[in-house]
Amino acid sequence: MTMQEEQLWNYIDGNCSDAEKLAIEAKLSTDAAFSNLYQQLLELNQIIAAETEIDEPSMSFTRNVMDKVQHEIAPVQLKTRVDSRIIYAIGGFFSVTLLGILVYAFATAKFTVGKLIQIDLDADIDKLINPTVMMVFVFVNAGLLLIYLDFYLRKGLKKAQKKGE
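Caption draft 1: Structural view of a positive patch on the surface. On the surface, R81, K155, K159 and K163 cluster together into a patch of positive charge. Residue position: K155 is located in helix α6 (residues 131-164).

Pasting the structure below:
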């Protein structure tokens, strides 16, 4: 469909704005080819309107269909469950793998910031693992453990409350 045909169909259907309507009417009065196309589309629109009927189902058909739908049994929710230990094991495996890759990348990297400061992690890792770093690591892990434990206990409490209802 060309742009002219689209404009004319919108004009015939009454789906154009007043400014577009005036522009199309002006073009119809000046352009013979545009006016010819308009006449062809107008005849086609009249043929379509005269020969096509929109069939609508009867009210009894609609009522019968709705009655059958109402009497059908509702589908039952599937009760397949995945063991949460499997999910935790897969998550743990990927976490340990990513952590190992990250540690390896930092251990073998040579960082340079500008021309003055150079950090060489290849030298001695024992200097990086000191009691302060270990304590920070332990405290972060302890915090994460407490958050997980809180989540786990609240989940158990909610299950117990549901059983009691």
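Caption draft 2: Representation of the nonpolar core within the structure. In terms of nonpolar packing, the biggest core is built from 11 residues, these being L8, W9, Y11, I12, C16, I24, L28, F34, L37, Y38 and L41. Ignoring anything within four residues of it in the chain, the contact list for F34 reads Q4, Q7, L8, I24, K27 and L28.

Caption draft 3: Focus on the packing of helix α1 (residues 3-13) against helix α3 (residues 32-51). At a minimum axis distance of 10 Å, the contact between α1 and α3 shows a crossing angle of 55°. Taken together, the axes of α1 and α3 lie oblique to each other. In this structure, the crossing between α1 and α3 has a hand that is right-handed. Only F34, L37, Y38, L41, L42, L44 and N45 of α3 make contact with α1, whose side of the interface consists of Q4, E5, Q7, L8, W9, Y11 and I12. Tallied by class, the residues present in the contact of α1 with α3 amount to 10 nonpolar, 3 polar and 1 charged.

Caption draft 4: Structural context of the confidence of the model for the chain. Of the residues in the chain, 88% reach a pLDDT of 70 or more, and the chain-wide mean stands at 82. Within the chain, the element-level pLDDT minimum falls on strand β2 (residues 117-120), averaging 62, and the maximum on helix α2 (residues 18-30), averaging 90.

Caption draft 5: View of the pattern of salt bridges. Inspection of every chain in the model, using the stated rule, returns 1 salt bridge. A salt bridge links R154 to D150; the shortest N-O distance between them is 3.1 Å. In this pair, R154 and D150 both sit in helix α6, 4 residues apart, roughly one turn of the helix. We classify D150 as partly exposed; its relative accessible area is 37%.

Parameters and conventions
Residues numbered from 1 in each chain as written. Predicted model: local features only at pLDDT ≥ 70, side-chain atom pairs only at ≥ 80, totals over all residues. Heavy atoms only, no water. Patch = residues over 30% accessible without salt bridge, like charges linked within 9 Å, V, L, I, M, F, W, Y side chains within 5 Å. Areas by Shrake-Rupley, 256 points an atom, 1.4 Å probe, with all protein chains shown as cover. Salt bridge = Lys/Arg side-chain N within 4 Å of Asp/Glu carboxyl O. Lys, Arg positive; Asp, Glu negative; His and termini not counted. Charge placed at Lys NZ, Arg CZ, Asp CG, Glu CD. Helix = DSSP H or I, 4+ residues; strand = E, 2+ residues; numbered from the N terminus. Core = buried A, V, L, I, M, F, W, Y, C linked by side-chain atoms within 4.5 Å. Buried < 20%, exposed > 50% of the residue type's maximum accessible area, 1.4 Å probe, protein only. Contact = heavy atoms within 4.5 Å. Axes fitted to C-alpha atoms, helices over the stretch in contact; angles between N-to-C directions. Parallel < 35°, antiparallel > 145°, perpendicular 65-115°, else oblique. Left-handed = near helix turned anticlockwise from the far one by under 90°. Nonpolar A, V, L, I, M, F, W, Y, C, P; charged D, E, K, R; others polar. pLDDT = per-residue confidence, 0-100.

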